[in-house]
Amino acid sequence: MLVNGKHGNLISIRDRGLLYGDGVFRTLRVSGGHALHWPLHYQKLRHDCTTLGIVCPDFAMLSAELSSLLELHPDGVMKLVVTRGEGTRGYAPSAHVEPTHLWDVSPLPDYPSDWATSGIKARLCQLRLGQQPRLAGTKHLNRLENVLAAGEWNDTGIAEGLLMDEAGNVISGTRSNLFVVSQGKLITPDLSRCGVAGVQRDRVMAWAAQHGMPLQARVVSLDEIMHADELFVVNSIVGLW
């Protein structure tokens with residue numbers, strides 16, 4: 001693990017990421033010494049930092065740190081966290097705060113290989129996502145909704161849980177973005193009020209545009225999900241299920 005560019009695993013107990021979830025993160029798959037789609041992840045990181053008013057660390061600096069970690073850990077999962085930094089008591093951020101950034105390294109999860117080829121089992125979660133347009137799409141550190149939803153089942157045969165918002169619209173998986181195939185059209189839920197817009201979601205949407213496949217990002221009902229020709233979920237670690 002690196003904390004502000006130095007090997008270690010300690011942050012201040014007054015770090016606002018710890019106290020308030022005041023930060024953002026990205027999760028990258030690493031294979032053969034390469035961090036897949038790192039520039040796209042950085043673009044998302046910078047966008048999300050801007051949403052929260054956090055100064056995003058420099059691309060060149062983060063890339064150098066990432067390269068040093070890849071020499072030691074050529075395969076697995078890299079997680080990059082950026083917090084607003086250390087602050088005083090209270091919600092209001094100080095005017096001049098130095099951001100904290102850290103890298104964490106984990107082994108690649110050992111998911112069954114046939115989940116990518118033969119499909120998965122998914123369930124509908126009871127938890128409903130709250131709506132907050134100012135944070136919609138942002139991968140911020142406040143992920144308690146996902147934590148509670150993922151805790152609703154312990155059946156290892158169920159790979160993912162699908163989340164709906166308070167209006168009953170389907171939004172995403174607990175750790176993935178969702179796509180629907182229906183009558184030759186590709187559809188993905190609108191994320192303007194809640195949910196996380198992941199890098200793999202952007203890549204699928206770009207692929208559809210490049211290949212002339214009709215694509216809509218709009219409200220998706222549960223009934224539409226149940227009658228779809230095909231569903232698939234994507235994230236940066238599993239790819240596509």
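See the structure above.
Analysis parameters
- Residues numbered from 1 in each chain as written.
- Predicted model: local features only at pLDDT ≥ 70, side-chain atom pairs only at ≥ 80, totals over all residues.
- Heavy atoms only, no water.
- Pairing = 2+ DSSP bridges.
- Helix = DSSP H or I, 4+ residues; strand = E, 2+ residues; numbered from the N terminus.
- Axes fitted to C-alpha atoms, helices over the stretch in contact; angles between N-to-C directions.
- Parallel < 35°, antiparallel > 145°, perpendicular 65-115°, else oblique.
- Left-handed = near helix turned anticlockwise from the far one by under 90°.
- Contact = heavy atoms within 4.5 Å.
- Nonpolar A, V, L, I, M, F, W, Y, C, P; charged D, E, K, R; others polar.
- Buried < 20%, exposed > 50% of the residue type's maximum accessible area, 1.4 Å probe, protein only.

J.: Sorry if this is basic, but what is going on with the sheet that holds strand β8 (residues 158–165) here?
T.: Taking strand neighbours across the sheet as the criterion, the 3 strands line up as β7-β8-β9 in an open arrangement whose pairing is mixed. The open sheet has two edge strands, β7 (121–129) and β9 (170–173), and neither has a second partner. In this sheet, neighbouring strand axes are inclined to one another by 30° on average, regardless of whether the strands run parallel or antiparallel. The pairing of β8 with β9 spans 3 bridges and is antiparallel. Opposite M164, over in β9, you have V170 as the bridge partner.

J.: Even after reading the chapter, I still don't get the packing of helix α2 (residues 38–52) against helix α3 (residues 59–72), so can you show me in this structure?
T.: Any two packed helices are characterised by how steeply their axes cross, that is the angle between the axes, and by the distance between the axes. Interhelical geometry of α2 versus α3 gives an angle of 135° and a closest axis separation of 12 Å. On the basis of their axis angle, the class for α2 and α3 is oblique. Regarding α2 and α3, the two cross each other, and that crossing is right-handed. Facing α2, whose interface residues are W38, P39, Y42 and L45, α3 presents F59, L62, S63 and L66. Of the residues in the contact of α2 with α3, the class split is 7 nonpolar, 1 polar and no charged.

J.: I would appreciate a short explanation of the sheet that holds strand β1 (residues 2–3) in the present structure.
T.: Sheets are built from strands that pair by backbone hydrogen bonding, the pairs being arranged parallel or antiparallel. Taken in spatial order, the 6 strands of this open sheet run β2-β1-β6-β5-β3-β4, and their pairing is antiparallel. A single partner strand is all that each edge strand has here, and the edge strands are β2 (6–7) and β4 (34–35). Summarising the sheet, strand β3 (residues 23–31) and β4 pair through 2 bridges and their orientation is antiparallel. Bridge pairing in β4 places V30 opposite A35. Against the sheet, α2 makes contact with β3, β4, β5 (76–83) and β6 (100–106), and its axis sits at roughly 175° relative to β3, the strand it touches most. Each of β1, β2, β3, β4, β5 and β6 is contacted by α3, which is oriented at about 25° to β6, the strand it contacts most.

J.: Explanation requested: the side chain of T27 in the structure shown.
T.: One can find T27 in strand β3. Residue T27 is classed as buried on the basis of its relative accessible area, which comes to 16%. Not counting residues up to four positions away in its chain, the partners in contact with T27 are H41, V77, M78, K79, K139, S236 and I237.

J.: It is not clear to me how unusual backbone geometry should be interpreted in this structure. Could you clarify?
T.: Only a minority of non-glycine residues have a phi that is not negative, and only a minority of peptide bonds are not trans. Even without being glycine, H37 reaches a positive phi, approximately 60°. Considering the arrangement of structural elements, one finds H37 in the loop between β4 and α2. Of the residues examined, H37 reaches a relative accessible area of 27% and is grouped as partly exposed. For Q183, which is not glycine, the phi dihedral falls at a positive 50°. Under the relative-accessibility criterion, Q183 is labelled exposed at 73%.

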